Amino acid sequence: MKHRIRIIIISLAAILATIACSTTRVLDDGQYMLADNRITVNNDKEFNAEALEEYLRQQPNYYFLFRWNPFINVYNWQNGKDGAWDKFVKKIGVEPVVYDSEKVEESIENISNRLEYLGYYGSSVESKVNVKKKNVSVSYNITLGKRFPIKDIEIMLPSEGTFADDFLADTSAMTVKVGDFLSEDILENETVRASASLRNMGYYEFSKNNFFFEADTLSCPDSAILKMTINGYTRNETPDRARAISRFTFNEVNISYPQTLKIREKILKELTTIRPGETYSTDVVNNTYTRLSSLRMFSSVNIGMTPVDSNKIDCRINLSQSKLQGFKVNLEASSNSTGLFGVSPQLSYYHKNIFHGGEWLNLGFMGNFQFKFNDAVRSNEFGVSAGLSFPRFLGLPYRHFKGAIPRTDINISYNYQNRPEYTRNIISTSYGYNGNVNNRFFYQAYPIQMNIVKLFDLDEGFYKELANDPFLKNAYQNHFDLGSGGTIYYTTDPETIPKSSYFYTRLQLDIAGNLLSAFKGIMKKDANGAGMIWNTPFSQFVRAEATIGKTWIWGRNSGQSIATRFVAGAGHAYGNSNALPFEKHFYAGGANSLRGWQARTVGPGTSPRDTSFVIPNQTGDMRLEANVEYRFDIVWKMEGAVFADAGNVWTLKQKDVAVEDGSMFRWNTLGESIAANWGLGLRLNLDFLLLRIDAGFKVHDPARTNKWVGPDQWFRRNGYAIHFGVGYPF
């Protein structure tokens, strides 16, 4: 309790110290901080005033809770000597926005122009500036102008050719209708929609600039008669340049690529949806671009169109070769105050055109080593994997797909783990498909997933623990998995290093044993009545994990961001199994999880460390975790981070019915079973590679009697962990 009170007092003191520091101390005489912009619409409560904020020429600083941004306070910690300290707080802090009166006038003009574009004619925009000490609030008071509903729409079309019929057939999708209020906004949106639709019908040369509008607001008081004219010349041309608006068909289609690229040309032709003699379509062109780009063999895909007469167009596809093969290296390392070290190196080789048909080969090698210096006890893990991906949905020809083609994946891996308690071999294989929709929604579907797990060389003491603990016994046994699984992932920004705020979510699902359970009646049984395949019980379970993340990015050159993540997962064994296979258990801690702990050293629940394992191996059937991290530039390529992590793993079944050990998930003990830490990080961002080191300090440790961990214990035994990694943790 004393530690808890101490932590609360220190935290409150830090917050008060930050708040107490002025946010305007660095401003010169006559300068004011822009604290707030307010937009009020006087004559229409339904109008979305917030939509006008982007047209203000000067925005105040970004605020968090209760209109407070602690980083503005940090910026004001400068001592005015322009030394190392001032440079440091300038990097971490956020500079207050200095009020500029000229920007207010420019904002009024912007708002007025925007309102007229939206169809509010003769609007009034007035500003009022309120000054309080060194802070300024600007209020924009708006009186919306007059609007004119459209009473009638007249359409004038060229008479020659088929264009008039095609245009009229598309008017059912027209977005401008009688009764709508006249505005440039709705007219612009309709010209963009209609021109895209017509180009998709074959009218290659048609654009939104072929539309001409006239609005008569005098003939009918308080209304408008809209006249829409389509001409054979654009707004940038004179009438003497008029020409017939006609459909185009593809003529010759040529594909060029470097001679050094060894690829079967048949693959490129099959992926190309542009066919000579067929009607031009932007959808067809875009599908070709998407299909060829998805091979990841080309640094650029350029599709050029050249009209050769009044209704034919030649297509030339130029492909530039990218790097086809290479190696990727990843390394994670961690250490804690108990002296336990962990190192996880990974090396992979890839080839994007292994059989000259766009096939991807991936070979992976991994290791995971945990040890203490001057101690013979250690854990070693080695793994090798091979994956082959084909640029087609095996079993179906390309013609069955209009857009992107799902790829077919075949994977196989072998994992060897040698621990003080046992040695284990895992052989895994899978067959499935992966693809994406609009480069935002990604999916993997594996109808076949198989694992064979064999344990041997069990330590005598560990074997006795298994005999006395049904939960461990069922988790640590030879087993055979046959099932299905998949992953769906959505992101608002698919870039490797996003430059603007983005959101993402991921769902993973595995199901095993249901198909085999249908044949359980004819299978050989073990002593517990479980059906066996090759003298090994098959596993039956369902397992799911969901991740939701949001990252806010702001500042000069996107130099500051706050990244958040929430993870929830659970697994349930049933039918032929009493417990999840151990490799399907959840764990917490490590370089990408709770960074105050090493991997597999947290939980489950409030239970103490399981002494059955010489090297910690804490796992559970369920996982909850939340992370938040503030990232900021320091100098050159160096970045800093302040983070907090919270979560744990739990069992969903009590290990021992007679003994309550705190490992099982219960709502009434959720708070005390949450592990929490804070920490600091340093990163070297080389653009193509990010190296990271994080130091996490425990704040709340569920396994302790006194669960709150005070600052005086952060640098003591079992009080911190240090992690080295590649890439951001999330």
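Please read all numbers here as calculations on a predicted model, not as lab measurements. (Residues numbered from 1 in each chain as written. Predicted model: local features only at pLDDT ≥ 70, side-chain atom pairs only at ≥ 80, totals over all residues. Heavy atoms only, no water.)

### Topic: the nonpolar core
Working step 1: The biggest cluster of nonpolar side chains holds 26 residues, and the ones touching the most others in it are F250, L268, F298, M305 and L319.
Working step 2: Ranked by residues supplied to this core, first place goes to strand 9 (residues 312–321) with four residues.
Working step 3: Leaving out residues up to four positions away in the same chain, F250 has contacts with I274, R275, P276, G277, E278, T279, Y280, S281, V284, V285, M305 and I313.
Working step 4: V41, A49, V97 and I142 belong to the second largest nonpolar core, which has 20 residues in total. (Core = buried A, V, L, I, M, F, W, Y, C linked by side-chain atoms within 4.5 Å. Buried < 20%, exposed > 50% of the residue type's maximum accessible area, 1.4 Å probe, protein only. Helix = DSSP H or I, 4+ residues; strand = E, 2+ residues; numbered from the N terminus. Contact = heavy atoms within 4.5 Å.)

### Side note on the pairing of strand 22 (residues 541–554)
The side chains of a regular strand alternate between the sheet's two faces.
Working step 1: As defined by bridge partners, strand 18 (residues 502–512) adjoins strand 22 across eleven bridges and the pair is classed as antiparallel. From the neighbouring strand, T505 faces strand 22, where its bridge partner is I548.
Working step 2: Taken together, the 14 bridges between strand 22 and strand 23 (residues 560–573) define a ladder with antiparallel strand orientation. In the sheet register, A544 faces strand 23, and the bridge partner there is A570. (Pairing = 2+ DSSP bridges.)

### Section: the packing of aromatic side chains
Working step 1: Taken as a whole and assessed by the stated rule, the structure comprises 39 aromatic pairs.
Working step 2: Where F211 meets F213, the ring centres are 6.2 Å apart and the plane angle is 10°; that geometry is what we call stacked.
Working step 3: In this structure F213 comes out as partly exposed when scored by relative accessible area, which is 26%.
Working step 4: Pairing F393 with Y433 gives two aromatic rings, centres 4.0 Å apart and planes at 5°, and the pair type is stacked. Residue F393 is located in the loop between strand 13 (378–390) and strand 14 (407–418), and its partner Y433 is located in strand 15 (residues 423–437); the two are separated by 40 residues in the primary sequence. (Phe/Tyr/Trp six-rings, centres within 6.5 Å; stacked < 30°, edge-to-face > 60°.)

### Comments concerning the environment of S385
Working step 1: By the element assignment, S385 lies in strand 13.
Working step 2: By relative accessible area, S385 is classed as partly exposed at 33%.
Working step 3: The spatial distance from the C-alpha of S385 to the C-alpha of L363 is 5.7 Å, given a sequence separation of 22 residues.
Working step 4: Discounting chain neighbours no more than four positions away, the residues touching S385 are N362, L363, G364, I412 and S413.

### Describing the sheet that holds strand 20 (residues 531–533)
Working step 1: Strand order in this open sheet of three strands is 19-20-21, and the pairing throughout is antiparallel. One side of each edge strand has no neighbouring strand; the edge strands of this open sheet are strand 19 (524–525) and strand 21 (536–537).
Working step 2: Where strand 20 meets strand 21, two bridges bridge the pair, whose relative direction is antiparallel. Among the inter-strand pairings, I533 is bridged to a residue of strand 21, identified as T536.

### A word on the environment of A546
Working step 1: Take A546: it is sitting in strand 22.
Working step 2: Measuring from C-alpha to C-alpha, the distance between A546 and F566 comes to 8.3 Å, with 20 residues separating the pair along the chain.
Working step 3: Not counting residues within four places of it along the chain, the set of residues in contact with A546 comprises R506, L507, F566, V567 and A568.

### Remarks on a nonpolar patch on the surface
Working step 1: On the surface, a cluster of nonpolar side chains totalling about 660 Å² of accessible area is made up of F327, V329, L347, F365, V384, Y414 and I427.
Working step 2: Residue placement: V384 occurs in strand 13. (Patch = residues over 30% accessible without salt bridge, like charges linked within 9 Å, V, L, I, M, F, W, Y side chains within 5 Å. Areas by Shrake-Rupley, 256 points an atom, 1.4 Å probe, with all protein chains shown as cover. Salt bridge = Lys/Arg side-chain N within 4 Å of Asp/Glu carboxyl O.)

### A few points about the side chain of D409
Working step 1: Checked against the element boundaries, D409 lands in strand 14.
Working step 2: This buried residue, D409, is left without a salt bridge; R407 holds the nearest opposite charge, at 5.2 Å.
Working step 3: Of note is the side chain of D409, whose polar atom sits 3.5 Å from the side chain of Y446.
Working step 4: With near-sequence residues (within four places) excluded, D409 lies in contact with L388, S389, S430, Y431, G432, N434 and Y446. (Lys, Arg positive; Asp, Glu negative; His and termini not counted. Polar contact = N/O pair within 3.5 Å; in protein donor to acceptor, adjacent residues only side chain to side chain.)

### A closer look at the pattern of salt bridges
Working step 1: The final tally for this structure, using the stated rule, is 27 salt bridges.
Working step 2: A salt bridge links K269 to E265, with the shortest nitrogen-to-oxygen separation between them at 3.8 Å. One end of the pair is K269 and the other is E265, both in helix 7 (residues 265–271) and four residues apart, which spans about a single turn.
Working step 3: Shared partners join several salt bridges into a network, and the residues in it are R595, E629, R631, D645, R683, R692 and D694.

### What about helix 6 (residues 184–200)?
Working step 1: In a regular helix each residue adds 1.5 Å, so 17 residues correspond to 24 Å; helix 6 covers 24 Å between its end C-alpha atoms and thus fits that length.
Working step 2: Those residues of helix 6 not exposed but buried are L187, E190, T191, A194, S195, S197 and L198. The arc enclosing the buried residues of helix 6, seen along the axis, measures out at 160°, which places them on a common side.
Working step 3: In the core, the buried residues of helix 6 are packed alongside helix 5 (163–169), strand 5 (211–216) and strand 6 (224–230).
Working step 4: Directly after helix 6, the chain includes G202, whose backbone phi takes a positive value near 120°. (Expected span 1.5 Å × (residues − 1). Arc of directions from axis to C-beta.)

### Considerations on the pairing of strand 3 (residues 135–143)
Working step 1: Bridge analysis of strand 1 (residues 33–41) against strand 3 gives eight bridges, and the strand direction is parallel. Each bridged residue has a counterpart across the sheet, and for L34 the counterpart in strand 3 is V136.
Working step 2: Bridging between strand 2 (residues 124–132) and strand 3 involves nine bridges; their strand directions are antiparallel. When the bridges of strand 3 are listed, V129 appears paired with V138.

### Side note on the confidence of the model for the protein
Low-pLDDT stretches of the model should not have their predicted coordinates read in fine detail.
Working step 1: In the predicted model, the protein carries a mean pLDDT of 90, and 94% of its residues have values of at least 70.
Working step 2: Below a pLDDT of 50 lies the segment residues 1–20, which in the model reaches 18 contacts outside its immediate sequence neighbourhood of four places, other chains included. (pLDDT = per-residue confidence, 0-100.)

### Looking at the side chain of N231
Working step 1: In this structure, N231 sits in the loop between strand 6 and strand 7 (249–256).
Working step 2: Overall, the relative accessible area of 18% leaves N231 in the buried class.
Working step 3: Discounting chain neighbours no more than four positions away, the residues touching N231 are N210, F212 and I245.

### Section: the sheet that holds strand 4 (residues 150–156)
Working step 1: Read across the open sheet, the three strands follow the order 4-6-5; overall the sheet is mixed. Each edge of the open sheet is held by one strand with a lone partner, namely strand 4 and strand 5. Taking each pair of neighbouring strands and ignoring which way they run, the sheet shows an average axis angle of 20°.
Working step 2: Across six bridges, the pairing between strand 4 and strand 6 is parallel. Note that in strand 6 the partner of E154 across the bridge is K227.
Working step 3: Strands in contact with helix 6 are strand 4, strand 5 and strand 6; relative to strand 5, the strand with the most contacts, it is inclined by about 150°. (Axes fitted to C-alpha atoms, helices over the stretch in contact; angles between N-to-C directions.)

### Considering unusual backbone geometry
Working step 1: Each neighbour pair has its own omega, and for G603 with P604 the value is -5°, a cis peptide bond.
Working step 2: Of note, P604 is situated in the loop between strand 23 and strand 24 (622–635).
Working step 3: Phi angles above zero are rare outside glycine, and N374 is one such case at about 60°.
Working step 4: Mapped onto the fold, N374 is located in the loop between strand 12 (360–371) and strand 13.
Working step 5: With a phi angle near 60°, N535 is a residue other than glycine that sits in the positive phi range.
Working step 6: Summarising the element assignment, N535 is placed in the loop between strand 20 and strand 21.

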